[in-house]
Amino acid sequence: MFSYVPYQAYPDVSAQSDRYRIFLSGRPILIGGTSASSPAFTGIVSLLNDVRKSHGRPPLGFLNPLLYSKAASGFNDITVGHNSGCGTTGFNATKGWDPVTGLGTPNFGKLRQLCLQFVMYAVPRGGLLCVLALIHLAAASPRPYVSKLKEIVVPPRGWSKYSIPDAHHNIDLRIGLPQPDFDILETHLYEVSDPDHPRYGAHLSKEEVDELVAPHPNSVNAVDNWLRSHGIQDSDVVRSSAGDWLTLTLPVHLVEKMLDTTYHVWKHENGDSVVRTTTYSLPEHLHDHIDVIQPTTMFGQLRGMRSTIVWSEEAEASPLAKDLAPIYNAATGVTVDASCNTSITVKCLQQLYNAVGLTTHAVGNSIGITGYLEEFANLQDLQSFYAEQVPAAVNSSFTVVPIKGGLNNQTLSEAGAEANLDVQFAFGLSHPIPVILPYQDWLDFILAHPNPPLIVSTSYGDHEQTVPKSYAERTCQSFAQLGARGVSLTFSSGDYGVGDGISNPATQTCFTNDGKNATRFQPLFPASVTSVGGTVGVPEVAVTRFYSGGGFSDYVSQHFERPRYQDDAVKGFLKTLPEGTYKGLYNPALISNSEGRGIPDVAAQGDRFSIYLAGVRRSIGGTSASSPTFAGLVSLLNDERLSRKLPALGFLNPLLYSKGLKGFNDITVGHNSGCGTIGFNLLDWARPILESS
């Protein structure tokens with residue numbers, strides 16, 4: 001028992017504080033906090049005042065002298081519990097006053113009798129009225145925690161502080177909780193994706209994946225308690241189906257308080273602006289319970305490759321060439337229309353990749369294309385494209401799934417070149433396989449979907465160094481969840497060669513973001529899925545009007561180590577390089593399995609694609625064309641497998657680097673300039689660096 005109560009010790013009293021049933025926005029909910037205790041105790045005091053006034057007595061006024069003397073016996077002593085904090089279990093509730101529940105909880109019957117046994121005088125002028133240090137008054141002052149730095153980054157090149165955001169500007173905050181069983185999920189992923197494993201194709205269900213990535217209850221409780229300490233209730237939080245991601249919309253001023261940081265409006269030299277910070281902290285006890293919080297330190301712009309696409313020199317595409325002698329490729333045994341050297345059509349791709357005459361007939365197949373940045377796939381343009389290149393597809397369409405307010409503007413003049421390119425060729429090549437076009441936060445949508453598309457192509461990305469490793473790891477773990485469920489993912493490898501597409505050392509822009517401004521190759525994120533580079537011409541060579549993105553990831557950790565399936569291929573290529581080639585410019589992968597994931601994995605035609613845009617035939621290119629092309633071919637392969645009662649291909653890479661190698665045309669001509677160099681030369685490159693589909 002505490003025999004002496006020092007001045008300003010608190011609390012004085014307690015009251016029930018959790019599981020209060022209230023109505024909010026027309027529906028009943030349960031909430032809690034000492035925000036409930038204070039009005040509850042105030043209500044008791046009001047009833048006592050009513051009793052006294054009905055007997056001609058004055059109101060109670062300043063309570064504390066009474067509470068600690070004649071009224072002390074009117075409280076229920078609480079002797080069980082503690083109030084953890086600051087790395088300790090805090091104080092224990094004990095007999096008598098304690099710094100957990102004070103004198104205890106009110107017993108109205110006893111207090112009523114006590115309050116009628118004595119006369120109280122008015123509090124002197126200037127005295128305190130109804131001042132209670134009740135538990136912690138958490139709504140006004142969140143429980144104090146000792147914060148510790150969680151993450152800090154150097155502002156990426158091109159970004160500068162512009163202004164202070166409005167304190168009430170809302171941020172859609174995402175909190176990623178640890179996935180303690182992710183290693184088990186990863187084992188499943190590689191087993192069901194390895195064509196030599198007995199479990200190949202035995203993909204997991206959504207429910208099985210959710211169970212493997214669910215956070216530990218201790219993490220859930222710790223984070224929930226932290227949120228409640230800032231007045232955030234369960235009803236304010238949107239949880240992913242596995243519970244590993246929390247999303248909540250909060251004003252900047254509250255996020256700054258929670259993360260012990262200051263946000264600014266940052267502006268990029270290209271005109272883009274974001275509300276971000278370069279550092280944030282968390283209570284030390286939460287560091288093991290939270291993997292990542294964004295948007296905080298991520299400045300990535302998730303743009304289309306080469307900003308959008310790479311335009312041809314001609315304002316409009318030339319009419320499709322006819323009556324020219326076909327080209328026979330002795331290396332592949334394929335005959336291709338001569339026009340394919342100047343304009344790529346669906347027919348060209350079918351001829352180049354030995355897919356002429358395929359008939360799709362499987363039930364349950366599907367292909368998806370992601371869309372961002374107000375890029376709209378136009379239906380009228382799609383019909384014009386179909387009429388010219390895929391007559392059998394005329395009057396067919398695709399399903400648009402708007403996510404978090406994503407739009408589907410069908411004004412012809414607002415048609416997006418990137419979106420039209422992706423849709424027209426991916427869907428034209430795979431017709432009549434059902435198509436889905438998810439916009440905006442597609443990854444959350446796909447993970448929550450019971451039947452996601454069997455392959456999804458994305459033509460967007462950013463420099464790896466602009467993506468914090470904590471966020472990159474969690475994103476790649478989400479990709480792994482989809483792979484374990486049998487979903488294939490392809491991403492464009494980029495159009496900047498090994499970094500910026502500039503071979504002149506005097507004008508190159510490949511500098512590190514670590515404050516040293518050192519010259520270094522700039523791999524694109526993400527590198528953990530199937531990365532697709534670009535080729536051109538018949539016979540195919542590495543694309544030349546721009547440079548196919550490629551190189552080696554700089555991220556090295558447990559989940560970013562070079563995968564085993566790449567070992568032989570990547571080491572084989574590196575052995576062909578003269579010793580010291582580009583030393584210090586990239587992450588070598590010759591010695592250790594924990595370094596240098598090589599990209600891209602495969603390639604496909606990437607230039608002079610003939611599309612319709614705003615009613616006009618246009619010629620464009622970029623690996624933005626290569627990824628949907630490869631995805632369309634994979635969709636055709638899935639159709640063949642499904643029609644034979646076989647599972648979809650799922651995560652592709654283990655297959656591509658083993659039994660699938662025989663299905664690729666090795667490209668040995670070209671290079672991918674950038675960062676003041678000519679990049680890597682295909683003359684000595686092994687298959688995995690650039691392969692056409």
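Here the structure is shown first, and the text comes after it.
Residues numbered from 1 in each chain as written. Predicted model: local features only at pLDDT ≥ 70, side-chain atom pairs only at ≥ 80, totals over all residues. Heavy atoms only, no water.

### Considering helix α6 (residues 217-229)
Side chains that are three or four residues apart share a direction in an α-helix, a result of its 3.6 residues per turn. Given a rise of 1.5 Å per residue, 13 residues ought to cover 18 Å, and the 18 Å separating the end C-alpha atoms of α6 matches this to within 8%. Listed in full, the buried residues belonging to α6 are Ser-219, Ala-222, Val-223, Asp-224, Trp-226, Leu-227 and Ser-229. Where α6 is buried, its residues meet β7 (170-176), β8 (238-239), β9 (245-251), α7 (252-259), β12 (279-283) and β13 (292-294). The first or second residue beyond α6 is Gly-231, which carries a positive phi of 80°. (Helix = DSSP H or I, 4+ residues; strand = E, 2+ residues; numbered from the N terminus. Expected span 1.5 Å × (residues − 1). Buried < 20%, exposed > 50% of the residue type's maximum accessible area, 1.4 Å probe, protein only. Contact = heavy atoms within 4.5 Å.)

### What about the side chain of Ser-229?
The residue Ser-229 is located in helix α6 in this model. Within the structure, Ser-229 has its side chain in polar contact with the backbone oxygen of Trp-226 (distance 2.6 Å). (Polar contact = N/O pair within 3.5 Å; in protein donor to acceptor, adjacent residues only side chain to side chain.)

### A short note on the sheet that holds strand β11 (residues 273-276)
Note on sheets: strands pair through backbone hydrogen bonds, and any given pair is parallel or antiparallel. The sheet built from 3 strands is open, its strands ordered β6-β10-β11 with antiparallel pairing. A single partner strand is all that each edge strand has here, and the edge strands are β6 (159-163) and β11. Across this sheet, the average inter-strand angle for adjacent strands is 40°, counted without regard to direction. Of the pairings in the sheet, the one linking strand β10 (residues 264-268) to β11 comprises 4 bridges and is antiparallel in character. Residue pairing in the sheet places Trp-266 in a bridge with Val-274 of β11. (Pairing = 2+ DSSP bridges. Axes fitted to C-alpha atoms, helices over the stretch in contact; angles between N-to-C directions.)

### Concerning the state of the cysteines
Inspection of every chain in the model, using the stated rule, returns 2 disulfides. Two residues, Cys-510 and Cys-675, share a disulfide whose sulfurs are 2.1 Å apart. Sign of the S-S torsion, about -75° for the bond between Cys-510 and Cys-675, identifies this disulfide as left-handed. Here Cys-510, found in the loop between β23 (488-492) and β24 (524-525), pairs with Cys-675, found in the loop between β32 (665-666) and β33 (691-692); they are 165 residues apart in sequence, far enough to count as distant. Exposure class is identical for Cys-510 and Cys-675. Each is buried. (Disulfide = S-S within 2.5 Å.)

### Quick notes on the sheet that holds β13
The antiparallel open sheet is built from 4 strands, whose spatial order is β8-β9-β7-β13. Either end of the sheet is taken by a strand with one partner, and the two such strands are β8 and β13. Contacting β7, β8, β9 and β13, α6 crosses the sheet at an angle of about 10° to β9. In the packing of α7 onto the sheet, the strands contacted are β7, β9 and β13, and the crossing angle to β9 comes to about 125°.

### Here we look at the packing of helix α9 (residues 379-389) against helix α10 (residues 417-430)
Relative to each other, α9 and α10 sit at 40°, their axes nearing to 10 Å. Here α9 lies oblique to α10, going by the angle between them. Crossing handedness for the pair α9 and α10: right-handed. Where α9 approaches α10, its residues Asp-381, Leu-382, Phe-385, Tyr-386 and Gln-389 are matched on the opposing element by Asn-420, Val-423, Gln-424, Phe-425, Phe-427 and Gly-428. Tallied by class, residues from the contact of α9 with α10 come to 6 nonpolar, 4 polar and 1 charged. (Parallel < 35°, antiparallel > 145°, perpendicular 65-115°, else oblique. Left-handed = near helix turned anticlockwise from the far one by under 90°. Nonpolar A, V, L, I, M, F, W, Y, C, P; charged D, E, K, R; others polar.)

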